[in-house]
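# Per-entry structural report
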Amino acid sequence: MEGAAAMEMEVQAAPKAKFRIPVDDDSKATEFWLFSFARPHMSAFHLSWFSFFCCFVSTFAAPPLMPLIRDNLGLTAKDIGNAGVASVSGAVFARLAMGTACDLVGPRLASAAIILLTTPAVYCTSIINSASSFLLARFFTGFSLASFVSTQFWMSSMFSAPKVGLANGVAGGWGNLGGGAVQLLMPFVFEAVRKMGSTKFVAWRVAFFIPGIMQTVSAIAVLALGQDMPDGNYRKLHKSGEMHKDSFGNVLRHAVTNYRAWILALTYGYSFGVELAVDNIVAEYFYDRFDVNLKTAGLIAATFGLANIVSRPGGGLMSDWLSQRYGMRGRLWGLWVMQTIGGVLCVVLGIVDYSFGASVAVMILFSLFCQAACGLTFGIVPFVSRRSLGLISGMTGGGGNVGAVLTQVIFFRGGKYKTETGIMYMGIMILACTLPVAFIYFPQWGGMLAGPRKGATADDYYNGEWTAEEREKGYNAATKRFAENSVREGGRRAASGSRSRHTVPVDSSPAPADV
């Protein structure tokens, strides 16, 4: 009987063999093959991070060339500050819309659409001739940062709970690398065009065609090669009945009534939001404060963004590791500790403005903790809701842009504060806005300061988003599978207890070669 049962289990699991990468019973990858393009899981990973990378390059292509653009267009400090605010403010609403679009039509179409719609603004930067046109170009280009939401939603749809923090961290971190890479890329392209015989005021305009082309190519690749879910695109899954087609009202209601989403949006405002603000000011700050040349300022600024190659993925990996040992409570404590240390380092960065070497060293340390906190945040987001995963990802991502806007307006717009003073105050805001993480509580897993509620289960938490009638019709099937696969968020004891309860005898004899 045991052998027959095992054979039946193997036959039932056989369809999963269509994936090269190991998957769970929800077709989500249980491993993360960084250098593989295995479809659809790893191909979605590479498409998502690269398209987001290109959007980051486009959005922050102007700051490395700001001294040239400033002189060419006669921009004032207020004009530059307003443009910096504009570059991150549009994405606030775009990210909310992107989250909803991911829930309703899937990450592939949603991502490609926003990238293609914002590409013309990148090309138009080459023909701007005034402060107002510069502001508009940066505003509309900034909408492309909404592709971050589709990146995180896509990874949460493709990877299982034990790997989702790492997948989200690497995809988001490598995408954010664009903020560092562009600090090197744009001065390099500018110099290359200059050597071809162009004047410097023509060369910086020509340079903007490079990020425009990159963004266009990435959108076409997402459309041509991407897939929404492990088992197919939304349209196919809706048509076959394998996936319930939800309504906007239900998605919205379950997102805005979940207080955890609002706290994560606030805290993300002072991790990723701070990163955006620093991307806008750091090159100009070192150029003006320490009298370095444009290339040196760009190189220093690049180190802040390039730290994402290890920092944000490291945060995601840390989130998964803490979950393995301590469950969701470990993820929450990890976020609070890393972001608090980042806040302290930000304060220190504003204080050591008298020393070039100390400023560079502290900035690099600050970037590591700030960006790791971003990865830790999106190690938690996938567990807040399943029915409204996209919109909650959008709310959190939008919170990052709100934080960037507030920080730019309060501290770096006009001449109210010296830049170093604004940086110090920004660090204090990080410390204050990280405190509410202590209030996030999952009944089935607990929070930073309290353990789980007796008798509460993940099944109750997630299926509570569906009515009895919807559950009866099976609309919550994917939600139920996720709840079953997220048992380790209760910590080692809960995970081991679940394994012992669900142990199934397996025939140890070799399976036939064709099974």
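For the protein, the name recorded in an unreviewed UniProt entry is Major facilitator superfamily (MFS) profile domain-containing protein, with Triticum aestivum as its organism. Here the protein is described in UniProt, under the heading Sequence similarities (unreviewed entry), as follows: "Belongs to the major facilitator superfamily. Nitrate/nitrite porter (TC 2.A.1.8) family." Check the Subcellular location (unreviewed entry) section of the UniProt entry for the protein; it says "Endomembrane system".

Secondary structure assignment for the protein yields 24 helices and two strands. A compact globule built from 515 residues would reach a C-alpha radius of gyration of about 24 Å, and the protein, at 24 Å, matches this within 12%. Overall, the protein is about 80 × 45 × 45 Å in size when its C-alpha atoms are taken along their principal axes. Looking at the protein residue by residue over its 515 residues, the buried ones come to 58%. Counted over contacts in the protein with a minimum sequence separation of 6, partners at least 24 positions apart contribute 79%. A total of about 20600 Å² of accessible surface is found on the protein, and carbon and sulfur atoms cover 65% of it.

So, about the packing of aromatic side chains. Under the criterion given, the structure shown has 39 aromatic pairs. Considering the side-chain rings of F290 and F356, the 5.4 Å spacing of their centres and the 70° angle between planes classify their relative orientation as edge-to-face. Residue F290 is found in the loop between α14 (272–289) and α15 (294–306), and its partner F356 is found in helix α18 (residues 356–380); the two are separated by 66 residues along the sequence. For F356, a relative accessible area of 34% corresponds to the partly exposed category. Put simply, the rings of F32, F45, W49, F50, F53, F159 and W174 touch in pairs and so form one group of aromatic residues. Above the face of the F290 ring, R289 is positioned so that its terminal group lies 5.6 Å from the ring centre. One residue, R386, lies across the ring of F482, its end atom 3.8 Å from the ring centre.

Rules behind the numbers
- Residues numbered from 1 in each chain as written.
- Predicted model: local features only at pLDDT ≥ 70, side-chain atom pairs only at ≥ 80, totals over all residues.
- Heavy atoms only, no water.
- UniProt positions renumbered as here; feature names shortened; annotations may be inferred.
- Helix = DSSP H or I, 4+ residues; strand = E, 2+ residues; numbered from the N terminus.
- Rg over C-alpha atoms; globule rule 2.2 N^0.38 Å.
- Buried < 20%, exposed > 50% of the residue type's maximum accessible area, 1.4 Å probe, protein only.
- Contact = heavy atoms within 4.5 Å.
- Areas by Shrake-Rupley, 256 points an atom, 1.4 Å probe, with all protein chains shown as cover.
- Phe/Tyr/Trp six-rings, centres within 6.5 Å; stacked < 30°, edge-to-face > 60°.
- Lys NZ or Arg CZ within 6 Å of the ring centre and 35° of its normal.

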